[in-house]
Amino acid sequence: MAQVIVVGGGLAGLSACHTVLERGANVLLLEKLSFCGGNSTKATSGINGALTRTQQRLGIKDSVDAFLKDTTDSAIKGAPPKEAAARQAEMEGKDSLDPAVNPYLETNKRLVYDSAPAVEWLIEKFGLDLSLVGRLGGHSFPRTHRGKQKFPGMTITYALLERLEELLARHPDRVKIMTKTRCTELIRDASGAVIGCKYERDGKVGEAMGPVVLATGGFGADFTADSILAKLCPEYMDLPTTNGVHCTGDGIKMAQACGAGTVDLDMVQIHPTALVHPDEPDAKVKFLAAEALRGVGGIFLDKDGNRFVDELQKRDFVTGAMWSHAKGPYRLVLNGKASKSIEWHCLHYEGRGLMKKYVGAEALAKDMGVPVDNIRATFDDFN
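Procedures and definitions
Residues numbered from 1 in each chain as written. Predicted model: local features only at pLDDT ≥ 70, side-chain atom pairs only at ≥ 80, totals over all residues. Heavy atoms only, no water. Helix = DSSP H or I, 4+ residues; strand = E, 2+ residues; numbered from the N terminus. Buried < 20%, exposed > 50% of the residue type's maximum accessible area, 1.4 Å probe, protein only. Contact = heavy atoms within 4.5 Å. Areas by Shrake-Rupley, 256 points an atom, 1.4 Å probe, with all protein chains shown as cover. Expected span 1.5 Å × (residues − 1). 1 Å grid on protein atoms, 1.4 Å probe; cavity = no way out; pocket = protein on both sides within 12 Å on 5 of 7 lines; lining within 4 Å. Points joined across faces, edges and corners; volume = space filled by probe spheres on them. Core = buried A, V, L, I, M, F, W, Y, C linked by side-chain atoms within 4.5 Å. Pairing = 2+ DSSP bridges. Axes fitted to C-alpha atoms, helices over the stretch in contact; angles between N-to-C directions. Phe/Tyr/Trp six-rings, centres within 6.5 Å; stacked < 30°, edge-to-face > 60°. Salt bridge = Lys/Arg side-chain N within 4 Å of Asp/Glu carboxyl O.

S.K.: Can you walk me through the overall build of the protein in this structure?
M.R.: Along the protein, the regular secondary structure elements total 15 helices and 14 strands. Seen along its three principal axes, the alpha-carbon backbone of the protein occupies a region of about 70 × 50 × 50 Å. Looking at the protein as a whole, 44% of its 383 residues qualify as buried. Partitioning the intrachain contacts of the protein with sequence separation of at least 6 by distance along the chain shows that 65% fall at a separation of at least 24. Total accessible area on the protein is roughly 19,400 Å²; 53% of this is exposed by carbon and sulfur atoms.

S.K.: Which parts of the structure should I look at to understand helix α1 (residues 11-22)?
M.R.: For an α-helix, 3.6 residues make a turn, and residues three or four places apart therefore share a direction. For α1, spanning 12 residues, the distance from its first C-alpha to its last is 16 Å, which sits close to the expected 16 Å at 1.5 Å a residue. Listing the buried residues of α1 in full gives G13, L14, S15, A16, C17, H18, V20 and L21. On its buried face, α1 is in contact with β1 (3-7), β2 (26-30), α6 (115-126), α7 (152-170), β6 (175-178) and β10 (212-214). Once α1 finishes, G24 follows within two positions and takes phi at roughly 100 degrees, a positive value.

S.K.: Looking at this structure, how should I read α7?
M.R.: Across its 19 residues, α7 extends 27 Å between first and last C-alpha, which sits within 8% of the 27 Å expected from 1.5 Å per residue. Those residues of α7 that sit buried are P152, G153, I156, T157, A159, L160, L161, L164 and L167.

S.K.: What is the right way to read the environment of P371 from this model?
M.R.: Mapped onto the elements of the fold, P371 is located in the loop between α14 (361-368) and α15 (372-382). Take P371: its relative accessible area is 49%, and that puts it in the partly exposed class. As for P371 and A89, which are separated by 282 residues in sequence, their C-alpha atoms are 35 Å apart.

S.K.: Would you take a moment to explain empty space enclosed by the protein for this structure?
M.R.: Unfilled space is identified by rolling a water-sized probe across the atoms. Tallied over the entire structure, the rule returns 1 cavity of 30 Å³ or more. Taken as a whole, the largest cavity holds about 40 Å³ of empty space. For the largest cavity, the full set of lining residues is L128, D129, L130, R146, G147, Q149, K150, P152, T155 and I156. If you tally residues by element for the lining of the largest cavity, the top one is α7, at 3 residues.

S.K.: Can you help me understand the nonpolar core in this one?
M.R.: Of all hydrophobic cores here, the largest spans 23 residues; its most connected members are V27, L29, L122 and L164. For this core, the elements supplying multiple residues, two or more each, are β1, α1, β2, α6 and α7. It is α7 that contributes the most residues to this core, 6 residues altogether. Every residue in contact with L29, bar those within four places of it in the chain, is listed here: V6, G8, G9, L14, C17, C36, L164, K176, I177 and M178. Residues A289, A338, Y349 and L354 belong to the second largest nonpolar core, which totals 12 residues.

S.K.: Quick question: what am I supposed to make of the sheet that holds strand β7 (residues 181-188) here?
M.R.: Strand order in the open sheet formed by 3 strands is β7-β8-β9, with antiparallel pairing between adjacent strands. Across the chains shown, the open sheet's two edge strands, defined by having one partner strand only, are β7 and β9 (204-209). Geometrically, the sheet is characterised by an average inter-axis angle of 25 degrees between neighbouring strands, direction not taken into account.

S.K.: Explain the packing of aromatic side chains to me, please; I cannot follow it from the model alone.
M.R.: Aromatic rings considered in pairs are described by the distance between their centres and by the relative angle of their planes. The full count for this structure, using the stated rule, is 6 aromatic pairs. Judged by centre distance (5.1 Å) and plane angle (85 degrees), the rings of W121 and F126 are edge-to-face. Overall, F126 belongs to the buried group, its relative accessible area being 8%. A centroid spacing of 5.9 Å and a plane angle of 80 degrees characterise the contact between F287 and Y349, whose relative ring orientation is edge-to-face. Placement of F287 in strand β12 (residues 287-288) and of Y349 in helix α13 (residues 343-351) is noted, with a sequence separation of 62 residues between them. Judged by relative accessible area, which is 24%, F287 ranks as partly exposed. Residue Y349 is classed as buried on the basis of its relative accessible area of 0%. Taken together, the ring pairs in this structure connect F151, F287, W344 and Y349 into an aromatic cluster.

S.K.: Please clarify how the pattern of salt bridges should be interpreted in this entry.
M.R.: Pairing is possible between side chains of opposite charge, provided their charged atoms come close. Tallying each qualifying case throughout the model produces 23 salt bridges. With a closest N to O distance of 2.8 Å, D62 and R143 form a salt bridge. Taken together, the residues D62 in the loop between α2 (53-58) and α3 (64-77) and R143 in the loop between β4 (132-134) and β5 (144-146) connect sequence positions 81 residues apart. Residue D62 is classed as buried on the basis of its relative accessible area, which comes to 7%. Judged by relative accessible area, R143 falls into the buried class, the value being 0%. Where salt bridges share partners, they join E22, R23 and K125 into one cluster.

Next up, the structure:
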């Protein structure tokens, strides 16, 4: 039976493995770390889908058309953070559903049209709880699904990994998982078609033959002088990252070596909410703060206790506003109702020393060194 090689053990790679098995082929998963999961386990807000059964049960009047419009608008209005506001103004009024305006339209459609089936696949095949739905940045309706368990990315990814390990135990002839295995090169035949890959494991070089699926993620944690980040976005080299150390662009580099084209590698996302530990303010790797914290009602305060941006704008816009406003340090503040609705996240961050609980506006104002009236006015206006 044919073997398909999947490189990368995050959610994309694990999904590919299960899809290969569903289609009747065998699968070999190569993961360079000692464990699978990748950045997918860091996803702390959920997975988007329009017209899911969960939305219908909750009475959410979302639609595929609305999701597509949100997605296409984001596609044509996205920009590096410092240019985000100008780009958004420039594209205002332009039809993001027009192929002449939006070169990403067909890809946008695939993302949107397959979103509900993807959510249903996770629920039905892996028994996942995705019963909670929130509205996050850039969306016009609540459509980000998560469960009552801990971080949804971790829960979803490990469910797929555990099922794959079960299949490995039952059908070792059909499933193979090789960790601590770095894929180094794609093998091509005389026509240039990819027919396998080379890898390094335990100091030895090996080869695996078959079609190759690259699911190796991005390059945001590679700060070496010859990294993709250094070549395309050197201005970001001094910024911290929330990426895992594995995000070094391996798959992209291997594909480029075979002549593959790339799209928008310079469009590096600068996430607005990386949590700063007070004991390690200059740490290069930061802990990602779930966008769901804003989705449930968390607001940004500047150093004076004032709100300065719509927290549910697109990430590039929010980050750009933080840079242009230039009144940090910024605090993400949730009231009692908001924090209760996402309690596990808050307790987790608090336990890591990344969040702090205050009893009343007075305590927060005192810690910030601002008049309590500023805090009260900000929340009165927001409410």
